[in-house]
Amino acid sequence: MKYKNIREEELKNKVGAEWFKQFDTTEILGNIDFTVFPKQDTLFGRTPLLWAEAKTGDYDIATMFVQLILTIGKARTFVKTMPPAFLGAFDFKKIAFVDYINVQDIFYLNDFNWNVTPSNHETKEFQLIKNRIEATLKVKTYVFDYEKDKKQLITFIKNNVAKSSTKGKIKIDKNNFIPIYLRWLEIVKPIIDVDWEDLKKANILDSDFYLADLFVDDKGTQDIDDDLTIRDSLFVVFQNQGYKIAKENIKQMFDATINIRLKDTYQRFWKLYKRPPIKEFQDYIIERRDLLVPQDIRERKGAYFTPRKWVELSQKYLTDYLGENWQDDYYIWDCAGGTGNLLAGLNNKYNIYASTLDQADINVIHERIDNGANLLKSHVFQFDFLNDDFTKLPQSLQDILNDETKRNKLIIYINPPYAEVSSVGTKGKAGVNQSKTHLKYNNILGTAGREIYAQFLIRIYAEMEGVIIAEFSKLKVLQGSAFVSLRNYLKAKIEKMFIAPAYTFDNVRGRFPIGFKIWNTKEKEVFHSIITDIYNDDAEFIGTKELYSADKSEYINKWISSYKVKENFIGFLAGTNGNDFQQNGIVYILNRKEQMANPRGMWINQNNLIPISVYYSVRKSIAQTWINDRDQFLIPNSQWKNDIEFHNDCLVFTIFKTNIKSEIGTNYWIPFTEQEVDAKEKFSNNFMSNFLKGKINYNDSDKPMLFENESFNNSNPRLLSRESEKVMNSGKRLWKYYHSKDSINVNASLYEIREYFQGRNDKGKMNNSSDDAIYTELISDLRDSLKELAKKIEPKVYEYRFLKK
C-alpha cells in the first residue's frame, strides 16, 4: 500500500509533498487536518482550495467526511473564512473529493447540536450527518487510489482543484446580509458610475443598488421572475451588466443604463457569495431594507470606535453561540455606546438599548435615527454607567433588569474605553479612578481599578446577575497580575472568544491583543485558560492559541529570585519585576545596580550564571508580537536542570546580548582569550573565557539554601552545540577585527565595539549602521547566528514550560 504503517502527521506531509507540491499545504486552520491554499494572494486574500480529513489505516469514506463536517460545523469555520471549492478525505490508500457546494446545506440545519466531539463516531449527531450525506457522496464524490489511479488523480488536481478558487460561496441569510452590505459599500459602490447626490434627491439610495445585486443569480440575471412581490419591491434592478432605475414615478428621469466602471472588481467581489439569498430569508431582507441605512457615524476628538470588521465578526460569534434568531430572543444594551457604531448591523430596534456618558454622542445617534438608523430614540439615552443609579434608566430597561427571566436574556454588548491612570501622564486621566463604582468595589479591584473597562466589568457582574457579557477589552482581565483579585471574583465561563490587533482599533496605540469575549455569568467558574481564535489586521482567521492565567506564585520571577547570591559579582540582572512579553524591554544585564533609576533585580556570579542565562535567554530569544504580548513567563518544570546543552546555548546567547560597558566597571563578559583575538594588551579580566573552559569553580560559601541540591559547576570545558559554536566564531571574527584597529579600548564589550564602528548622532544616540563594510558584514553574521541560536532555544522554552504553547 502507498503510505502504510506511518503516522498521521507523516501521511499529511507526504500527501502534501507528492500531490499538492504546487500549493501551500502548511497553513493550520483550526482543527481541520489538512488544507490546500494557492501560494499567491488575490485582491480579496487567499481563497482555500481544499479542506480535508486525514486518517491512517483504511477508512470508510463517508465516515471521514462526516468527521470533517462536524469539525467545520463545530468551529463555524465557513463563517470565519471563505469556504473552499472542495472537501476531501484521505487515508494511506486513497483520497476522495466532494464539491463543497454539494454538502454546504448541512451547515444550515436547524436545531442541530454542533458541540459534539467530531471524532466520536457513536453519537446520534454523527449518525444523523452520515445518513444525510451518504446518498450524496455515492454520486458526487471523486475517489482515487494513489497507485492505481495516479494519472487520473494528477489530472483531477490540475484541472479541478487548481482552478477551483471560486466554487465555494458564502450563502446570504438574515444574519450576514448587513455585514455584506457594509463591505459592498467599500468595494462595489465606488465603481458604480452614477451621481449619488442626484439619486438621493429622488430617494434612491446606495442600498437599492445593493438589493439589485443581491437578487440576481450568479450569471448576473434576475432570479425573481417567479416572485412578483420581490420584483415589484426593487427600486433598482440589475440588467445587461448594469443597473436600471425601476421606481415607477422616477424611472423616466434615469432612463439610461448605469454602468459599472471596473467589472473585474465587481465580479471578484460577488464570487465570494451565493446569490440570490437563501429562499426562506428573501422576504425578510426586503421587509427590513430599512436596516440598510448609510453609515454616517462621526468620530469626535478623543473617542474610541470599534472598526466595522470587528463589529461584524463579534456579531457572527454571538450568532454562533446564541443561534440564528438571537436578536429576536435577547435584549441588547450597549452601556458604553459612544456614537453607536457597535450596534451597526443589529435589526430589532425594540430590543436594543444604548447609553453613553456624553450628551453630544446621544445627539449624533438621534440624528442618525432621523436619517433612518434602526434604533428607537427612547432607547438611546445619556447615562453615566460608573456613577448613576439604575433608577435613572428607561422604565422598560428597568423592567428587564428587575425580572430574573428577562435579565437572563439580556446581553451587555460593549467596547468600553481603555483609558487608565498610568497611560495619561503622571496624574492619569481625570476621574478614571474616582467613580462610585471604583469606590464601592475598591477592595476587589485593587490596582485594576485604574482601568475603566475593569470598573465596567465589575459593576455589570456584581449588579446584573445572570446577564451575558459580550465585550471587547485588553487581556489583562485574563492574564494581568494586577487583575488576580478581580479574576477570582468574576466567576463566569467564557463561551467564545477571538483576539485581534489593538492597533486596528481607532486611537489605540501599541502592539497588543484586544479580545472579544462572550461571558456566561450563570456558569460559575474562575478563568484559568481558553483556546481563542486569532484574526489578523484584515480580519482573516489565522489560527488559535491558548490563553492562560497564572498566580504570582507561578511566575518566572519568583523562580529566578531563589538563585540570589551575595558576593563576587560579575553583573546585575535588572527587570525581574515584569513577568510578561510586554515588559521584556526592562530586562537587562548591566555592570551595576546603580545604572537603573529604580532597580529591581539580582546580582550575578559564577554560582547563578547558568540559571540567570537561562532566564535571560527565555525572556529574550522569542520575539514579542501583538499575539504573545500579554503571555506570562512561568516557573519551569525540573527537566531544564539536566539539559547541559540547553544551559550552554543560553549562556552563549546571553554573553552576546548584555548591556555591559567596561567604562562603567570591569568587563567580566569577554568570551575569548587575548590570543584568540590578537589583543594588543592583556584583558583586565578573563572570567568568561575561563568559565567556558571549566576553570571557574562553584563558590560553596555563597550557595543559597534554595538550590542546595543543584550544581551548575563544570570543571570541564563546555561542549557547545553547532549553533553556539557558530555564534562564538562569528563573535571571534568581530573581536579580532576590532583589535586590529588603533586607539581602541582593549576591554571593550560588544556594546562598545558597536559604538566604536557605528558612532553616535548629534543627539547622542547610537547610529543604526556603519560606513565600515567589513564591520557591517561581521556584525550581520553575528546577528544571523544569534537568530539561529534563538530558534534552537525557542522549543525548549515551551518544552520546559517557561511558556505555555
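Thresholds, definitions, all that
Residues numbered from 1 in each chain as written. Predicted model: local features only at pLDDT ≥ 70, side-chain atom pairs only at ≥ 80, totals over all residues. Heavy atoms only, no water. Helix = DSSP H or I, 4+ residues; strand = E, 2+ residues; numbered from the N terminus. Buried < 20%, exposed > 50% of the residue type's maximum accessible area, 1.4 Å probe, protein only. Contact = heavy atoms within 4.5 Å. Areas by Shrake-Rupley, 256 points an atom, 1.4 Å probe, with all protein chains shown as cover. Pairing = 2+ DSSP bridges. Axes fitted to C-alpha atoms, helices over the stretch in contact; angles between N-to-C directions. Arc of directions from axis to C-beta. Patch = residues over 30% accessible without salt bridge, like charges linked within 9 Å, V, L, I, M, F, W, Y side chains within 5 Å. Salt bridge = Lys/Arg side-chain N within 4 Å of Asp/Glu carboxyl O. Lys, Arg positive; Asp, Glu negative; His and termini not counted. Charge placed at Lys NZ, Arg CZ, Asp CG, Glu CD. Left-handed = near helix turned anticlockwise from the far one by under 90°. Nonpolar A, V, L, I, M, F, W, Y, C, P; charged D, E, K, R; others polar. Polar contact = N/O pair within 3.5 Å; in protein donor to acceptor, adjacent residues only side chain to side chain. Expected span 1.5 Å × (residues − 1). Bend = angle between axes of the 7 residues up to and from the residue. Phe/Tyr/Trp six-rings, centres within 6.5 Å; stacked < 30°, edge-to-face > 60°.

Draft legend 1. The overall build of the protein, seen in detail. A tally of regular secondary structure across the protein gives 29 helices and 21 strands. Every one of the 805 residues in the protein was classed for burial, and the buried ones make up 55%. Partitioning the intrachain contacts of the protein with sequence separation of at least 6 by distance along the chain shows that 69% fall at a separation of at least 24. With the model as given, the accessible surface of the protein reaches about 36200 Å², and the carbon-plus-sulfur share is 45%.

Draft legend 2. Inspection of the pairing of strand E11 (residues 352-356) at higher detail. Counting buried residues along E11, five of its five residues qualify, which places the element largely inside the surrounding structure. Two strands pair when backbone bridges link them, and strand E10 (residues 331-334) and E11 are joined in this way by three bridges, in the parallel orientation. Bridge pairing in E11 links Asp334 to Ala354. Pairing analysis gives three bridges linking E11 to strand E12 (residues 380-382), with the strands arranged parallel. Opposite Ala354, over in E12, you have Val380 as the bridge partner.

Draft legend 3. Here's a closer look at the sheet that holds strand E20 (residues 588-590). The three strands lie next to each other as E20-E19-E21, forming an open sheet whose pairing is antiparallel. Pairing within the sheet leaves two strands with one partner each, and these edge strands are E20 and strand E21 (601-604). Neighbouring strand axes in the sheet, compared pairwise and without regard to direction, differ in orientation by 25° on average. Bridge analysis of strand E19 (residues 571-574) against E20 gives three bridges, and the strand direction is antiparallel.

Draft legend 4. A look at helix H10 (residues 263-270). All buried positions along H10 are accounted for by Thr265, Tyr266, Phe269 and Trp270. Considered in projection along H10, the buried side chains sweep an arc of 125° and stay on one side of the axis.

Draft legend 5. A negative patch on the surface, seen in detail. A grouping of Asp399, Asp403, Glu404 and Glu465 is seen on the molecular surface, where their side chains present a negatively charged patch. Here Asp399 is to be found in helix H15 (residues 395-402). Look at Asp399 and you get partly exposed, because its relative accessible area is 38%.

Draft legend 6. Structural view of the pattern of salt bridges. Within this structure, the stated rule accounts for 31 salt bridges. With its nearest N and O atoms 2.0 Å apart, the salt bridge here joins Asp629 to Arg630. Judged by relative accessible area, which is 6%, Arg630 ranks as buried. Measuring nitrogen to oxygen at the nearest pair gives 2.7 Å for the salt bridge that ties Arg760 to Glu755. Classification of Glu755 by relative accessible area gives partly exposed; the value is 24%.

Draft legend 7. View of the sheet that holds E10. Here we have nine strands laid out as an open sheet, ordered E12-E11-E10-E13-E14-E16-E15-E17-E18, and mixed in their pairing. Edge strands, defined here as strands with exactly one partner in the open sheet, are E12 and strand E18 (541-548). Between one strand axis and the next, the sheet turns through 20° on average, direction left out of account. The sheet strands contacting helix H12 (residues 308-322) are strand E13 (410-414), strand E14 (468-474), strand E15 (493-501), strand E16 (513-520) and strand E17 (529-535), and the helix crosses E15 at an angle near 160°.

Draft legend 8. How the structure looks around the packing of helix H28 (residues 750-758) against helix H29 (residues 773-799). It is at 11 Å that the axes of H28 and H29 come closest, and there the two elements cross at 145°. Read as a crossing pair, H28 and H29 show a hand that is left-handed. Contacts between H28 and H29 involve Leu750, Arg754, Phe757 and Gln758 from the first element and Tyr775, Ile779, Leu782 and Arg783 from the second. Residues that form the contact of H28 with H29 fall into these classes: five nonpolar, one polar and two charged.

Draft legend 9. Representation of the side chain of Asn605 in the model. Following the sequence through the fold, Asn605 ends up in the loop between E21 and helix H23 (609-620). Given a relative accessible area of 0%, Asn605 falls into the buried group. Among the polar contacts made by the side chain of Asn605, one reaches the main-chain carbonyl oxygen of Glu567 at a distance of 2.8 Å.

Draft legend 10. Molecular detail of helix H4 (residues 124-140). For H4, spanning 17 residues, the distance from its first C-alpha to its last is 24 Å, which sits close to the expected 24 Å at 1.5 Å a residue. Along H4, the helix axis deviates most sharply at Ile133, where the bend reaches about 40°. Those residues of H4 that fall on the buried side of the exposure criterion are Glu125, Phe126, Ile129, Lys130, Ile133 and Leu137. Against the buried residues of H4 lie helix H2 (61-75), strand E4 (94-99) and strand E5 (141-145).

Draft legend 11. Structural context of the packing of aromatic side chains. As enumerated under the stated definition, the model contains 61 aromatic pairs in all. Aromatic side chains Tyr668 and Phe687 sit 6.4 Å apart centroid to centroid with 90° between the ring planes, which places their arrangement in the edge-to-face category. Here the residue Tyr668 occupies a position in the loop between helix H24 (644-655) and helix H25 (674-677), and Phe687 occupies one in helix H26 (residues 687-692), the gap between them amounting to 19 residues. For Tyr668, a relative accessible area of 23% puts it in the partly exposed group. Phe687 gets classed as buried once you look at its relative accessible area, which sits at 10%. Put simply, the rings of Trp310, Tyr317, Tyr413, Phe472, Phe498, Phe505, Phe516, Tyr535 and Phe541 touch in pairs and so form one group of aromatic residues.

Draft legend 12. Representation of unusual backbone geometry. The omega angle of the peptide bond from Arg275 to Pro276 is -5°, so this bond is cis rather than trans. Positionally, Pro276 belongs in the loop between strand E9 (273-274) and helix H11 (279-287). Of note, the phi angle at Ala539 is positive, near 65°, even though the residue is not glycine. Mapped onto the elements of the fold, Ala539 is located in the loop between E17 and E18. Of note in this structure, Arg801 is not a glycine but carries a positive phi near 70°. Mapped onto the fold, Arg801 is located in the segment after H29.

Keep in mind these numbers describe shape, not what the thing actually does.
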